[in-house]
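Topology and contacts: notes
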Amino acid sequence: MKEKDNIQFWDTSALAETAAIRSRCDAAYIEAQLKLRFPEETMRVISVSINETGVYKSTSHLLLKLLSGFSPIKGLPPYCEVQLDHQTGKFTERVTVWSPLAWNDRFAGTAGGGISTGGMQYITAPNNTVRGWTLPFALINGFTAATVDAGNVTGRHDRAVDPVTHELNDDLIENWRARATHFMTLFGKAVAEILHQRPVRYAYMNGGSGGGRQSMVEAQEFPQDYDGIWASCPAINWSKFVLVGFWPIAVMNSYGHTLTPDKIGYFRTAVHDSVGGRESYFKLAHRVDFDPETLIGRKTKDGPITQMDAIVMKEIWNGPRRKNGQRLWYGFRPGVKFWNVGLPVGAFYYSLIGKKPKPFFLCNNYARWITRDPQQDFSGITMEEFEALFDKSTTLFAHAAGDKADLRPFAQAGGRLIIDHGLDDPLIPVDGTIDYYDRMCRLHGGKESVDEFCRLYLTPGDGHGNCFGNGPGITESDGMRVLIDWVENGQAPGAMRVVQVKRLGGKTMCERVQLPH
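These remarks concern the structure in this document. Since the model is a prediction, treat every value here as computed from it, not as a measurement.

**Remarks on the side chain of Thr 18**
With respect to the helices, strands and loops of the structure, Thr 18 is situated in the segment before helix H1 (21-24). According to the relative accessible area criterion, Thr 18 is buried, its value standing at 7%. Non-local contacts of Thr 18, meaning those with residues more than four positions away in its chain, are made with Arg 24, Leu 101, Leu 195, His 196 and Arg 198.

**Focus on the sheet that holds strand E14 (residues 357-359)**
One open sheet holds the three strands; their spatial order is E12-E13-E14, and the pairing between them is mixed. Single-partner strands in this sheet number two, and they are strand E12 (339-341) and E14. Across this sheet, the average inter-strand angle for adjacent strands is 30°, counted without regard to direction. Bridge count for E12 against strand E13 (residues 348-350) is three bridges, and the pairing is parallel. Residue pairing in the sheet places Trp 339 in a bridge with Phe 348 of E13.

**Focus: the nonpolar core**
Core analysis: the biggest nonpolar cluster contains 61 residues, and Trp 238, Leu 243, Phe 246, Leu 259, Trp 369 and Phe 386 have the highest contact counts within it. Of all elements in the fold, only helix H5 (170-196), helix H7 (238-241), helix H8 (247-255), helix H9 (261-273), helix H11 (307-318), E13, helix H12 (361-371) and helix H13 (383-396) reach the threshold of two or more residues within this core. Looking at which element gives the most residues to this core, the answer is H12, with six residues. For Leu 243, the contacting residues outside a window of four places in its chain are Tyr 366, Ala 367, Ile 370, Phe 386, Leu 389, Phe 390 and Ser 393. Judged by nonpolar contacts, the second largest core, of 55 residues, contains Val 82, Ala 111, Ala 150 and Phe 453.

**Points about the sheet that holds strand E17 (residues 473-474)**
Read from one edge to the other, the open sheet built from three strands follows the order E17-E18-E19, with strand pairing classed as antiparallel. In this open sheet, the two strands that pair with only one neighbour each are E17 and strand E19 (508-514). The pairing of strand E18 (residues 496-501) with E19 spans six bridges and is antiparallel. Of the residues in E19, the one forming a bridge with Met 496 is Gln 514. In this fold helix H17 (residues 476-489) packs onto E17 and E18, with an angle of close to 170° to the strand it touches most, E18.

**Some details on empty space enclosed by the protein**
Applying the stated rule across the entire model yields three cavities of 30 Å³ or more. Space inside the largest cavity adds up to approximately 90 Å³. For the largest cavity, the full set of lining residues is Tyr 281, Phe 282, Leu 284, His 286, Arg 287, Val 288, Arg 333, Val 336, Leu 423, Asp 424, Pro 460 and Gly 461. Its residues placed into classes, the lining of the largest cavity shows seven nonpolar, two polar and three charged.

**Overview of the pairing of strand E11 (residues 228-232)**
Across the five residues that make up E11, a large majority, five, are buried. Of the two faces of E11, the one holding Gly 228, Trp 230 and Ser 232 and the one holding Ile 229 and Ala 231 are both buried throughout. As paired elements, strand E10 (residues 202-208) and E11 share five bridges and run parallel to each other. Across the sheet, residue Met 205 finds its bridge partner in E11, namely Ile 229. Tracing the backbone out of E10, into helix H6 (residues 210-221) and back to the parallel element E11 gives a crossover that is right-handed. Inspection of the sheet shows E11 paired to strand E15 (residues 416-422) by five bridges, in the parallel sense.

**Quick look at the side chain of Thr 129**
Relative to the elements of secondary structure, Thr 129 occurs in the loop between strand E6 (106-109) and helix H4 (135-140). A polar side-chain atom of Thr 129 sits 2.7 Å from a polar atom in the side chain of Asn 127. Sequence-distant contacts of Thr 129, that is, excluding residues within four places in its chain, are made with Glu 3, Lys 4, Asn 466, Cys 467, Phe 468 and Val 501.

**As for the pattern of salt bridges**
Going through the model one piece at a time under the given rule, you end up with 29 salt bridges. The salt bridge involving Arg 372 is made with Glu 167; its shortest N-O contact spans 3.3 Å. Remark: Glu 167 occurs in the loop between strand E9 (157-158) and H5 and Arg 372 occurs in the loop between H12 and H13; sequence separation between them is 205 residues. Under the relative-accessibility criterion, Arg 372 is labelled partly exposed at 32%. Here Glu 167 falls in the partly exposed class, since its relative accessible area comes to 43%. The shortest N-O distance in the salt bridge between Lys 283 and Glu 279 comes to 3.6 Å. As far as burial versus exposure is concerned, Lys 283 and Glu 279 are alike and both exposed. By sharing partners, the salt bridges in this structure join Glu 3, Asp 478, Arg 481, Arg 497 and Glu 511 into a single network.

**Some details on the packing of aromatic side chains**
On inspection of all chains with the given rule, the structure shows 30 aromatic pairs. Relative to Tyr 204, the ring of Phe 143 lies with its centre 6.4 Å away and its plane at 75°, an arrangement referred to as edge-to-face. Taken together, the residues Phe 143 in the loop between H4 and strand E7 (144-149) and Tyr 204 in strand E10 connect sequence positions 61 residues apart. By relative accessible area, Phe 143 is classed as buried at 0%.

**Side note on the environment of Thr 508**
Position of Thr 508 relative to the elements: it lies in strand E19. A relative accessible area of 37% places Thr 508 in the partly exposed class. Excluding anything up to four places from it in sequence, Thr 508 contacts Glu 3, Val 499, Gln 500 and Val 501.

**Points about the environment of Ala 270**
Note that Ala 270 resides in helix H9. Look at Ala 270 and you get buried, because its relative accessible area is 11%. Residues Ala 270 and Ile 140 lie 130 residues apart in sequence; the distance between their C-alpha atoms is 46 Å. Once residues lying within four places of it in the same chain are set aside, the contact partners of Ala 270 are Phe 290 and Leu 295.

**Here we look at the pairing of strand E4 (residues 79-88)**
Taking burial as the measure, the 10 residues of E4 include nine buried ones, the bulk of the element. Sheet analysis places strand E1 (residues 43-51) next to E4, joined by eight bridges and oriented antiparallel. Paired with Asn 51 across the bridge in E4 is Tyr 79. Direction of pairing for E4 relative to strand E5 (residues 91-100): antiparallel, over a ladder of 10 bridges. Note that in E5 the partner of Cys 80 across the bridge is Ser 99. Here E4 hands over to E5 after two residues, with Gly 89 in that stretch at a positive phi of 65°.

Conventions used here
- Residues numbered from 1 in each chain as written.
- Predicted model: local features only at pLDDT ≥ 70, side-chain atom pairs only at ≥ 80, totals over all residues.
- Heavy atoms only, no water.
- Helix = DSSP H or I, 4+ residues; strand = E, 2+ residues; numbered from the N terminus.
- Buried < 20%, exposed > 50% of the residue type's maximum accessible area, 1.4 Å probe, protein only.
- Contact = heavy atoms within 4.5 Å.
- Pairing = 2+ DSSP bridges.
- Axes fitted to C-alpha atoms, helices over the stretch in contact; angles between N-to-C directions.
- Core = buried A, V, L, I, M, F, W, Y, C linked by side-chain atoms within 4.5 Å.
- 1 Å grid on protein atoms, 1.4 Å probe; cavity = no way out; pocket = protein on both sides within 12 Å on 5 of 7 lines; lining within 4 Å.
- Points joined across faces, edges and corners; volume = space filled by probe spheres on them.
- Nonpolar A, V, L, I, M, F, W, Y, C, P; charged D, E, K, R; others polar.
- Right-handed = clockwise from strand over helix to strand, strands pointing away.
- Polar contact = N/O pair within 3.5 Å; in protein donor to acceptor, adjacent residues only side chain to side chain.
- Salt bridge = Lys/Arg side-chain N within 4 Å of Asp/Glu carboxyl O.
- Phe/Tyr/Trp six-rings, centres within 6.5 Å; stacked < 30°, edge-to-face > 60°.

Right, dumping it as structure tokens:
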């Protein structure tokens, strides 16, 4: 069996269909019961159906099918699907719940990514080498699971800024920030209990990147929602880190000097060579400091490395700073490839034509929240303008940072938290997560106190939320199995199995264990 197909972490063989559940899988009945539980909320059950074909076929429009794949999802147990709309201010969020007819008494909160909280486009085939469980992944393991579309994104269109008035849609931003995920949890648990006529015994949440941010905010602000949370490469410190994608562009613009793709790649290779080569570099758990000026005069395909090349590279590696040299936030470590050519993935990318540096789309989207201009172009941003934008961001969106380090209410409620982050993450600088963990340790009175409820895993060579990077990462089944064992059996996590697979074909290349930080 390939690692990606190793998706069964819960033994469902002894589960039996709940008595009379089919009669309760009814829209009018479920809506009436939900309104009894939540009399102050405006909601409407849109559809309820039983699927016992073993197959899920997406009913989304063509664009969403292209994003999530055309292939039907197979091997599903019989389940009841409930879709409901919940009114929040002027807007509506859509919650989708899948509850197996034979249930293990546990609830699974799923998440989205970027500025999307989830929704039908996140109903994708289970893949054990991608972190962040989906509805099918949880369902196959006997969980009732839920996803929520906060309504703030339609395809790639961000609705946070009104295109006419240029005012912020505060309700949509709050839905994205925290509210939609919280209500998904409340409604999802309630639907499970209404259908099965028994309480949820344990609740778990797991998401990566933007979904990791959702997971962390749940622990920070709604400590009673979940017994166990696993946040992978979490997009916390939101109001600080998202703008980091502008920093390399701001440096190049300010110095009037573009570092070409070949030259920035040459600097990266030199970092690897300084510690014994690529393979050695991706096994290291610490930052490698490297002086780019030592390469001045070296020949590349784009000509020799110049002093200006070295100055620009050093500024980029140093990360965002004020004019006086004070650090604003963390950049990417030397040796990490945080750019691409043509493919618009990474902190920034180079256009195919002209090789012009351009920011990751998420940087643009969020920066437009700050300036309230849904069409603003930031390609010409300078270091001075970056500093002003950063200050405005941390003032206007401090509440959306997801960086509250006081998790005492979550710990006192018995919650357990696993955080992991790949050291080779090209989208979210890992040092931001380490900074958060260190602040948490200081606030909680030391690492020993934090160890009682939280474990941080930093995985060398591992990229952004999957096991097909430059080093091994935690698989979905292993992470969930360890979290559940901690919550339900008191077995604190120690050495965790990590795996590296080939992106194409899925062959396992490396397997070892990783100790917590």
